[in-house]
Amino acid sequence: MANWKNNRKQILLVFLLINIGSYRLFSQEIYRTNSGEITFDAAKTALEPIHAKNKKVKTILRINDGALVALLHIKDFIFPNSLMQEHFNENYMESDQYPSASLKAKIDNLDFDTSKIFDIQGVFAIHGVEKELPISIKLEKIEMNYKLTSRFKLLLQDFNIKIPSLMFYKIAEEVEVIVEAELIK
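No experiment lies behind these values; they were computed from the predicted model shown.

A. The arrangement of the overall build of the protein chain in detail. The secondary structure content of the protein chain amounts to three helices and eight strands. For the protein chain, the sequential pattern of α-helices and β-strands runs α-α-β-β-β-α-β-β-β-β-β. Expressed as a percentage of the 185 residues in the protein chain, the buried residues total 43%. A total accessible area of about 11000 Å² is found for the protein chain, and carbon and sulfur atoms account for 54% of it.

B. Looking closely at the packing of aromatic side chains. Tallied over the full model, the rule gives nine aromatic pairs. Taking the centre distance of 5.9 Å and the plane angle of 70° together, the rings of phenylalanine 40 and phenylalanine 79 count as edge-to-face. With a gap of 39 residues between them, phenylalanine 40 in strand S1 (residues 30–43) and phenylalanine 79 in the loop between strand S3 (67–73) and helix H3 (82–92) connect regions that are remote in the sequence. With relative accessibility at 12%, the residue phenylalanine 40 sits in the buried group. Ring centres 4.9 Å apart and planes at 50° place the aromatic pair phenylalanine 79 and phenylalanine 88 in the tilted group. Each of the two residues, phenylalanine 79 as well as phenylalanine 88, counts as buried. An aromatic cluster is defined as three or more aromatic residues linked by ring pairs; in this entry it consists of Tyr31, Phe112, Phe118 and Tyr146.

C. Spotlight on the nonpolar core. Judged by nonpolar contacts, the single largest core of 48 residues is most densely connected at Phe40, Phe124 and Leu139. The greatest single-element share of this core, amounting to six residues, is contributed by strand S8 (residues 171–183). When residues no more than four places from it in sequence are discounted, the contact partners of phenylalanine 40 are Ile50, His51, Ala52, Phe77, Phe79, Phe88, Val175, Glu176 and Val177.

D. Representation of unusual backbone geometry. The phi angle at glutamate 94 is positive, at roughly 45°, despite the residue not being glycine. Counting through the fold element by element, glutamate 94 comes out in the loop between H3 and strand S4 (100–106). In the Ramachandran plot, glutamate 143 falls in the positive-phi region, its phi being about 55° despite a non-glycine side chain. Secondary-structure assignment places glutamate 143 in the loop between strand S6 (129–142) and strand S7 (145–155). A relative accessible area of 75% places glutamate 143 in the exposed class.

E. Inspection of the pairing of S1 at higher detail. Bridge count between S1 and strand S2 (residues 51–62): nine bridges; the pairing is antiparallel. Among the inter-strand pairings, glycine 36 is bridged to a residue of S2, identified as valine 57. Inspection of the sheet shows S1 paired to S8 by six bridges, in the antiparallel sense. Each residue of the ladder has a partner; that of aspartate 41, found in S8, is glutamate 176.

F. Fine view of the environment of leucine 155. Along the chain, leucine 155 falls in strand S7. Each C-alpha atom, one on leucine 155 and one on valine 175, is 6.3 Å from the other, the two residues being 20 residues apart in sequence. With near-sequence residues (within four places) excluded, leucine 155 lies in contact with Glu173 and Glu174.

G. Region of the structure containing the sheet that holds S1. Judged by pairing direction, the barrel is antiparallel, and its eight strands sit side by side in the order S1-S2-S3-S4-S5-S6-S7-S8 before closing back on the first. Within the sheet, the average angular offset between the axes of one strand and its neighbour, ignoring direction, is 25°.

So, how was this worked out
Residues numbered from 1 in each chain as written. Predicted model: local features only at pLDDT ≥ 70, side-chain atom pairs only at ≥ 80, totals over all residues. Heavy atoms only, no water. Helix = DSSP H or I, 4+ residues; strand = E, 2+ residues; numbered from the N terminus. Buried < 20%, exposed > 50% of the residue type's maximum accessible area, 1.4 Å probe, protein only. Areas by Shrake-Rupley, 256 points an atom, 1.4 Å probe, with all protein chains shown as cover. Phe/Tyr/Trp six-rings, centres within 6.5 Å; stacked < 30°, edge-to-face > 60°. Core = buried A, V, L, I, M, F, W, Y, C linked by side-chain atoms within 4.5 Å. Contact = heavy atoms within 4.5 Å. Pairing = 2+ DSSP bridges. Axes fitted to C-alpha atoms, helices over the stretch in contact; angles between N-to-C directions.

Take a look at the structure:
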């Protein structure tokens, strides 16, 4: 039940950002995508890669106040083989119970012409846990759009994601995450 409330909050947040009110919506610069990419590498060694990619990350950036929201569905991660994907969804992420993950952040001083790196505090909601973490985001202004890129690390223990003892020697406790999204007005 608590999980439904968290998902409902995330859906409501995205809905509110998109539909703040028609008179305000048209006066704001909102950039978005439904096809942002997030990849992660959870391998403890380079000998056995454990990586996946999700190309359906929904991202919204509101220029006027720097509000940034990203939402993804856990089951949209694609692995090199189906067994890895099954274990990821059932044993680690418990994606039936925790179907989505999100990031909420505020970027200050968005006034720039080409590209700029912003150090922000983002609130991540993963596996039923919300945690505020510092990350860097690079925004590049490309004609009328923005390209967002970021690379950061997440600790599995911060989000109560357990590594079975049998897999402890293969799966890293710290996961490297790479995000790319082209945000269009």
